[in-house]
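Listed below are the residues making up each chain.
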Amino acid sequence: MLGRLDVHIMSAEPIHTLIPFPDDKAAMLARLVEGLDRANLHWLSGYAAGLAAQPANAEPEPIAAPGAEAATHVTVLYGSQTGNAKRLAEKLARQIESAGLSARLLRADAYPLRELKSERFLYIVISTQGDGDPPEDSRGFVEFLTSKRAPTLDNLKFSVLGLGDSSYAKFCAVGMQIDARLKELGATRLFERGDADLDIDSVATPWLQSAATVAREQIKSAPVRANVTPLWAARTAATWTRERPFSADVLANQRISATNGTKDIRHIELSLGDSGLVYEPGDSIGVWPTNPPHLVADILDTLKLDPQSIVTHADETLPLERWLSDKRELTRLARPLVVAHAARARQGELDGIVASPESLQPFLKDRQFIDLLRAYPANWDAASLVAALNPLTPRLYSIASSLKFAENEVHLTVAHLDYDAFGHSHVGAASHFLATRDEENRIPIYVESNDRFRLPRDASRDVIMIGPGTGVAPFRAFVQERAAIGARGRNWLFFGNPHFRSDFLYQIEWQAALKRGELHKIDLAFSRDQAEKVYVQHTLRRRGRALFDWLEGGAHVYVCGDATHMAKDVHAALREVIVEHGGKSVEDAEAYLSQLAADRRYCRDVY
Amino acid sequence: MSTPALSPVEIIKADSRRLRGTLVESLADAVTGSIAEADTHVIKFHGSYQQDDRDRRDERRLQKLEPDYQFMIRTRLPGGVVTPQQWLRLDEIATTYGNASLRLTSRQAFQFHGVIKTELKTTLQAINATLIDTVAACGDVNRNVMVAANPLQSSAHADVYAQATQLSEFLRPHTRAYYEIWLDEEKVADSGEEVEPIYGATYLPRKFKIGFAIPPVNDVDVFSNDLGFIAIVDDGEVLGYNVSAGGGLGATHGDANTYPRLADVLGFVPRDKVIAVAQAVVTTQRDFGNRTERKRARLKYTIDDRGLEWFKAEVEKRLGFAFAPARPFRFDHNGDRFGWTEGENGNWHLTLHIEAGRIVDRDGASHRTGLREIAAIHGGEFRLTPNQNLIVANVAPDQRARIDALIAAHGLDGYRVATPLRLNSIACVALPTCALAMAEAERYLPEILGKIQALLDAHGLRDAPIHFRISGCPNGCSRPYLGEIALVGKGPGRYNLMLGADARGQRLNVLHRENIDEGDILQTLDGLFERYAAERDEREGFGDFLVRRGVVVERNQATS
Ligand code: SRM
Ligand SMILES: Cc1cc2nc3c(=O)[nH]c(=O)nc-3n(C[C@H](O)[C@H](O)[C@H](O)COP(=O)(O)OP(=O)(O)OC[C@H]3O[C@@H](n4cnc5c(N)ncnc54)[C@H](O)[C@@H]3O)c2cc1C
Ligand SMILES: Cc1cc2nc3c(=O)[nH]c(=O)nc-3n(C[C@H](O)[C@H](O)[C@H](O)COP(=O)(O)O)c2cc1C
Ligand code: SF4
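Given the structure is predicted, the values throughout are model-derived calculations rather than measurements.

> Quick question: what am I supposed to make of the overall build of chain B here?
Check the secondary structure of chain B and you find 17 helices and 22 strands. A compact globule built from 560 residues should have a C-alpha radius of gyration of about 24 Å, and chain B, at 23 Å, falls within 12% of that. Looking at chain B as a whole, 62% of its 560 residues are labelled buried. Here the contacts in chain B between residues at least 6 apart in sequence split such that 68% fall between residues at least 24 apart.

Right under this line is the structure:
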């Protein structure tokens, strides 16, 4: 039997030493894999796994090329504003099905984009709207298809029927665009595109006819072949670390709080490329920021230092500017730096602040180094400055995706720290760095795993997820993961933020998850939508009865987000719920929670 | 042959338990600012539409946020008459719950835009507290009844207005759904099964519109209504009405089965037959209107499908008497007359021009504030006109100076300087709130008017009284098919250019150029203005000129 070949092949060890079958086979295998690249090897491993998974008597035919197994069904995808394309697509699907073939009819916004690369046989019926724009329901699909993230589609066969109105300048523009793009991505056009004018049927009817005929010919004649089981996730690469981060391509940086709202929250998608990096829901990503260039410039200006002056510190020699932008902490203030600065500034006021922890604490919290420089001028030479500033540290961000859903990607939910203080605008180093990256940029990352924040191993357990603000990030990963593995347990999300209209992070995803039954309950607290503030702890109390029932039924509770207030308030609310609905004393309720924590059923990831 | 399936909305109505649907559940759903799809049809009967801010739709999709759902609320206000006290309350509601604007509609009602779901109930309660409601302002029922706003013949106007209000009450749905859902009325035994004596359980197949005109002014565009009453006035006394039926303007681009149509005059009835006639016409449409295809469900298609003779006979059968021959009447105008006019009772009326009906405070034009201040001192009433303008009505002679001072202070005196083109323009709402808009209308009006005016000026036609109308789609909410020049939206920045209506609401215009952009529109008009300047007869309107010179070939003439 072939075992987890991929792991062994990837290791440095000679292949034959690990293979549990006769030498001649081993030699053949060694020859076979010689010179294959990573992708070939992965494919091969999957092929083997696919063979292993087949019933013993099935005789698979040899395969010509990776992934060339033929279509077993036709996907009919439509994009429609006023229903014409929809109607035709439905008709086509019916025709295909009545020929005894299986057809999958999908509106473009219901199409799982990640499945496109494995799609084999695709008919698209789509209208053109606006000024040559896609219909509302197809914007996401067309954007994806035309973006650089679109996969190669060498194994796809397709044909497109465009609907339009020739009185518009861009007649059937969307149909044409899709048709050309699919071709460009390597797909095979089965037959010519149709461009239907307002007398739709004169073009649509023959096109549908061809579509049904071609489907019947092509799909019937295709031999049954082995399935390839992808085994990407089986690789555990410890190659990328905090010290040796992987440079991840930015796939998307999308604001997900409304433009007219107050907060700037980003959804960031990074490609794991060929890093081999893997993660589990609950893990975080460490990000190495570069300090904001304008901040570096401000500091250099204020201190009248030469950006190019060369500084050697701890065996490293760099121009001062590089030290400040890449190597030193500029936005987080620490006591030793303030002490050192006070010595240079010689100002009684600052000495007084440093002297007492009560005054120093808030002072540090509210200020960045630049504020210190502005309020208490002092001289620094380049070398002393580099020595006095703390080394830059990476920031952690909860992973907001599951690899089972966003294959080879990692998603983050980042609150862009951007505020005014002391008459100047301020930003957070890493959040600003992330918020200002675009698809041209790369971001140094590593995986910070967190075994204390894991989904229940028993997938039939219920989970209660409490994640206001960006605390919701890991729960997006949880819900994706639980949906992907078909977990039987229920998922209950508590979310909160200032405003429903502007700050309901991932709103349309939660709505879709509810509809699909991947999320079972959601309770919301939008603090500033009514006269009295309402936070997650209030909704927890309001749902106390059901919450306690879930806990008694074995549910796991997760809390993520703000540590200063939220986590404490949530803890108190949970305790109250247990007191009230469990008939326990406050001490017993506290013990109940401690026991949950000890059983890893009460997990927190707060910051 | 099997009977064709009922249209989906018919099923929603039938299942709605007299217009309750699942509105209560929809309002409670905290995950979305929208209501269930079926409820979006039901809520119309309560005077509200679910909309979203289309300017933000695409951006919000990328932000993984649902569309910015919000609700438009339309009042039921027969003849468009409100007291100053009501005005002040409505104004306050617009600030508290809406987008700080009041919108006067082309059917003499108010619209509030931008009310969010969680405040919908409070808003409707606040509106009801002003003794104005929104029942049946939208939906497949009789809509806001229009009444000539022209205040010249005060006593005839008062008389017609009273009859119109009675009719509006008569045709009001009987369901208590509105009161239960929005005003917390206790349920009673027949809740969900109330008898609807006029409408029945599934109401009408489609919206139904009634207008009352008082010749010679046709401000209500009476022939665009499903049912029209043309007052026959003799010596200040309303003798009765010529009845017209089968008007309606909505159409769908590229679908020849849909078209604007002007009403036919059926004949004359004495004044005490108004309600009986309306009941006969409405129930005929209820029983014979098309319930399988909504696009073809207006009364105009029932009449065209079955024939005018059949229709008239059916109505007369239900009435139990025959129409008398129509009395002679003449319309000379379908616009408004601006400025002060004296009524019969010695009081004065001031007609103000409100561009596209939108009352809002802008730099240098604090219209909303100004009208609030007028309302605070005004002893008469306000009348909304069918052309989206406003009449400060029944002003005592000694109050005129104060009101003049206020309108000057707040830039409400635009009517004094605006050219006839601007004064006689109507624009529908369109973007960003109207879900059906294909192109801009209200927001584009000032700009396109400026450009057309420049052409007129260049041809020495500055004061040509041309009626201009623009709609963002072929539904025709600004009654564009009755504009001498009209733009009907086809796509972003693109319109069908329609030409050649009269300015009396009795001749539809025709499509002159399809799907063109601003450059083409202006170029086409430029050429036509040049000819008009050179070749028109004295006092000949632009639309009439185009027809006489064969630039457009007329397509439909209302019977007169
Ligand atoms: C506010 C108003 C236009 C204005 O700028 O003043 C208006 C606005 C809308 N109309 Fe209208 N119609 C308005 C007078 C008209 C008129 C003119 C008239 O009645 O004198 C017409 C043409 C006459 C007719 O009905 O034939 C008109 C024909 C339509 C139609 C087409 C109906 C048809 O038979 O095809 C629709 C679409 C529909 O009903 O499916 C429509 C639908 C709409 C909706 C509700 C869009 C929708 O269904 O989602 C628009 C809301 C836009 C918004 O954001 O506020 N509106 N609509 C008018 C409100 C009148 C009122 O107070 O009741
Ligand atoms: C396990 C873990 C998971 C995390 N997950 C996430 C996540 O999913 N999403 C996320 O956005 N963050 C997350 N964080 C927080 C994140 O790591 C950073 O701390 C955060 O982004 C700020 O970093 P920064 O570099 O932008 O700001 P910094 O440069 O570190 O801070 C800038 C300055 O701003 C001050 N400051 C901080 N907040 C404010 C404020 N609101 N107003 C005024 N001043 C302020 C600070 O005191 C400091 O002086 C997580 C942290 C941990 C430990
Ligand atoms: C607002 C609007 C804009 C349109 N723009 C275009 C266009 O730019 N090009 C085109 O070929 N057709 C255009 N059309 C025509 C539609 O593509 C055509 O009506 C089609 O049949 C609609 O199909 P659907 O019902 O599936 O959306 C437009 C239609 C509308 C309503
Ligand atoms: S005409 Fe069309 S765009 Fe204008 S308000 Fe009516 S439905 Fe909307």
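> What am I meant to see in the overall build of chain A here?
Looking only at helices and strands, chain A has 22 helices and 21 strands in total. Expressed as a percentage of its 607 residues, the buried residues of chain A come to 48%. Across chain A, every contact between residues at least 6 apart in sequence was considered, and the portion connecting residues at least 24 apart equals 75%.

> Whenever I open this one, the site of ligand 2 confuses me. Can you help?
Residue and element names in this part refer to chain A. Neighbouring ligand 2 are 21 residues; T331, R332, R395, L396 and S431 lie closest to it. Within the backbone of T413, a nitrogen or oxygen atom sits 2.7 Å from a nitrogen atom of ligand 2. Measuring from an oxygen atom of ligand 2, one finds a side-chain N or O atom of S431 at 2.6 Å. Burial of ligand 2 by the surrounding chains reaches 74%, relative to a free accessible area of 980 Å². Sorting the residues of the shell around ligand 2 by element identifies β12 (395-398), β13 (409-415) and α15 (429-435) as the ones contributing at least two each. Here the shell around ligand 2 takes 4 residues from β12, the largest share from any one element. Taken together, the residues of the shell around ligand 2 sort by class into 9 nonpolar, 7 polar and 5 charged.

> I keep staring at the environment of A150(A) and nothing clicks. Help me out?
Residue and element names in this part refer to chain A. Along the polypeptide, A150 turns up in the loop between α5 (139-146) and β4 (157-163). Remark: the alpha-carbon pair of A150 and A108, spanning 42 residues in sequence, is separated by 15 Å. When neighbours within four sequence positions are excluded, A150 is seen to be in contact with F144, L145, R181 and L185.

> What exactly am I supposed to notice about the pairing of strand β9 (residues 284-287) of chain A here?
Residues in a regular strand project their side chains so that they alternate between the two faces of the sheet. Residue and element names in this part refer to chain A. A two-sided burial pattern is seen for β9, the buried positions comprising S284 and G286 on one face and I285 and V287 on the other. Across 4 bridges, β9 lies against β12 in antiparallel orientation. Bridge pairing in β12 links G286 to L396. Both β9 and strand β16 (residues 442-448) contribute to a ladder of 4 bridges, which runs antiparallel. Among the inter-strand pairings, S284 is bridged to a residue of β16, identified as E448.

> Whenever I open this one, the interface of chain A and chain B confuses me. Can you help?
Think of interface size as the accessible area that goes away when the parts come together; that is how it is often given. Chain A puts 32 residues into the contact, and the matching count from chain B is 25 residues. Carbon and sulfur atoms supply 49% of the area buried between chain A and chain B, which totals about 2400 Å² over both sides. Across the contact surface, chain A and chain B share 6 salt bridges. Of the charged contacts in the structure, one is a salt bridge between E143(A) and R61(B), with a shortest N-O distance of 3.0 Å. Only α5, β7 (246-255), β8 (265-271), α17 (500-503), α18 (507-516) and β19 (521-526) of chain A provide two or more residues apiece to the side of chain A that touches chain B. Per-class residue counts for the side of chain A that touches chain B are 11 nonpolar, 11 polar and 10 charged.

> Which parts of the structure should I look at to understand the confidence of the model for chain B?
Low-pLDDT stretches of the model should not have their predicted coordinates read in fine detail. For chain B, the mean per-residue pLDDT works out to 96, and 98% of the residues sit at or above 70. Both confidence scores are given for the complex: pTM 0.84, ipTM 0.89.

> What am I meant to see in the packing of aromatic side chains here?
For any pair of aromatic rings, geometry is given as the distance between the ring centres together with the angle between the planes. All told, the structure shown has 37 aromatic pairs over all chains when counted by the stated rule. Judged by centre distance (5.5 Å) and plane angle (70°), the ring pair of W87(B) and F110(B) falls under edge-to-face. Within this pair, whereas W87(B) is found in helix α5 (residues 84-96), its partner F110(B) is found in strand β5 (residues 110-115), the two being separated by 23 residues in sequence. With a centroid separation of 4.6 Å and an interplanar angle of 35°, the aromatic rings of W87(B) and F382(B) are classed as tilted. Residue W87(B) is found in helix α5, and its partner F382(B) is found in strand β16 (residues 381-384); the two are separated by 295 residues along the sequence. Like F382(B), W87(B) is buried. Among the aromatic residues, ring-to-ring pairing joins F121(A), Y123(A), F191(A) and W207(A) into one connected group. Geometry around W310(B) places R306(B) over its ring, the cationic atom sitting 5.1 Å from the centre. Lying across the ring of F268(B), R327(B) places its NZ or CZ 3.9 Å from the centre.

> Explanation requested: helix α11 (residues 308-319) of chain B in the structure shown.
Since one α-helical turn is 3.6 residues long, residues separated by three or four positions face the same way. Residues and elements named next belong to chain B. Along its 12 residues, α11 runs 16 Å from first to last C-alpha, staying within 8% of the 16 Å computed at 1.5 Å per residue. Buried within α11 we find F311, E314, V315, E316 and L319. Of the residues trailing α11, G320 is marked for its positive phi of about 80°.

> I would appreciate a short explanation of the pairing of strand β10 (residues 310-313) of chain A in the present structure.
Residue and element names in this part refer to chain A. With 4 bridges connecting them, β10 and strand β11 (residues 316-319) associate as antiparallel partners. If you follow H313 over to β11, its bridge partner there is E316. The turn linking β10 back onto β11 is made up of 2 residues, and A314 within it adopts a positive phi angle of 45°.

> Honestly, the sheet that holds strand β11 (residues 339-342) of chain B in this entry has me stumped. Any pointers?
Neighbouring strands of a sheet are bound in pairs by backbone hydrogen bonds; such pairs are parallel or else antiparallel. Residues and elements named next belong to chain B. On the basis of which strands lie adjacent, the open sheet formed by 5 strands has the order β3-β16-β17-β12-β11 and antiparallel pairing. Of all strands in the sheet, those with a lone pairing partner are β3 (81-82) and β11, marking the two edges. Pairing of strand β12 (residues 348-352) with strand β17 (residues 390-395) involves 4 bridges; the strand directions are antiparallel. Bridging across to β17, T351 finds its partner in I391. Packed on one face of the sheet, helix α13 (residues 400-409) meets β11, β12 and β17 and runs near 10° to β12.

> Where do I start with unusual backbone geometry in this structure?
As a rule of thumb, non-glycine residues mostly have phi less than zero, and peptide bonds are mostly trans rather than cis. Residue P216(B) is bonded to the preceding P215(B) through a cis peptide linkage, with omega at 10°. Its place among the elements puts P216(B) in the loop between β7 (210-213) and β8 (227-234). The peptide bond linking L431(B) to P432(B) adopts the cis configuration, its omega dihedral lying at 5°. Its place among the elements puts P432(B) in the loop between β18 (425-427) and α15 (445-458). Positive phi outside glycine occurs at R600(A), with the angle close to 60°. As for its placement among the helices and strands, R600(A) is situated in the loop between α22 (586-598) and β21 (602-606). Accessibility expressed as a relative area gives 40% for R600(A), which makes it partly exposed. Of note, L131(B) is a non-glycine position whose phi angle comes to about 70°, a positive value. On the secondary structure map, L131(B) appears in the loop between α6 (117-129) and β6 (146-147). Accessibility expressed as a relative area gives 75% for L131(B), which makes it exposed.

> Help me understand the sheet that holds β6(B), please; the structure alone is not making it clear to me.
Residue and element names in this part refer to chain B. Here 5 strands make up an open sheet; going across it, the order is β6-β7-β8-β9-β10 and the pairing mixed. Whereas interior strands pair on both sides, the edge strands pair on one side only; in this sheet they are β6 and β10 (264-270). Sheet strands in contact with helix α9 (residues 274-288) are β7, β8, β9 (237-245) and β10, and its direction is about 160° off that of β8.

> Sorry if this is basic, but what is going on with the nonpolar core here?
Nonpolar side chains in soluble globular proteins generally cluster together in the buried interior. All names here are of chain B. Judged by nonpolar contacts, the single largest core of 92 residues is most densely connected at W87, F212 and F229. When residues of this core are assigned to their parent elements, the largest contribution, 6 residues, is made by α9. Ignoring any residue separated from it by four or fewer positions in sequence, one finds F229 in contact with L167, I210, G211, F212, A213, V222, Y241, N242, V243, V274, V277 and A278. Membership of the second largest hydrophobic core comes to 39 residues, among which are A437, A441, L499 and V510.

> Would you mind showing me how to read the pattern of salt bridges here?
Close approach of charged atoms allows side chains of opposite charge to pair. All names here are of chain B. Per the stated rule, a full pass over the model turns up 86 salt bridges over all chains. In this structure, the salt-bridge partner of R443 is D55, at a minimum N-O distance of 2.7 Å. One end of the pair, R443, is in the loop between β18 and α15; the other, D55, is in the loop between β1 (48-52) and α4 (57-62), and 388 residues separate them in sequence. Assessed through its relative accessible area of 39%, R443 is described here as partly exposed. A salt bridge links D544 to R507, with the nearest nitrogen and oxygen atoms 2.8 Å apart.

Basis of the calculations
Residues numbered from 1 in each chain as written. Chains lettered and ligands numbered in written order. Predicted model: local features only at pLDDT ≥ 70, side-chain atom pairs only at ≥ 80, totals over all residues. Heavy atoms only, no water. Helix = DSSP H or I, 4+ residues; strand = E, 2+ residues; numbered from the N terminus. Rg over C-alpha atoms; globule rule 2.2 N^0.38 Å. Buried < 20%, exposed > 50% of the residue type's maximum accessible area, 1.4 Å probe, protein only. Contact = heavy atoms within 4.5 Å. Near = heavy atom within 4 Å. Polar contact = N/O pair within 3.5 Å; in protein donor to acceptor, adjacent residues only side chain to side chain. Areas by Shrake-Rupley, 256 points an atom, 1.4 Å probe, with all protein chains shown as cover. Nonpolar A, V, L, I, M, F, W, Y, C, P; charged D, E, K, R; others polar. Pairing = 2+ DSSP bridges. Buried area = accessible area lost by both parts, 1.4 Å probe. Salt bridge = Lys/Arg side-chain N within 4 Å of Asp/Glu carboxyl O. pLDDT = per-residue confidence, 0-100. Phe/Tyr/Trp six-rings, centres within 6.5 Å; stacked < 30°, edge-to-face > 60°. Lys NZ or Arg CZ within 6 Å of the ring centre and 35° of its normal. Expected span 1.5 Å × (residues − 1). Axes fitted to C-alpha atoms, helices over the stretch in contact; angles between N-to-C directions. Core = buried A, V, L, I, M, F, W, Y, C linked by side-chain atoms within 4.5 Å.

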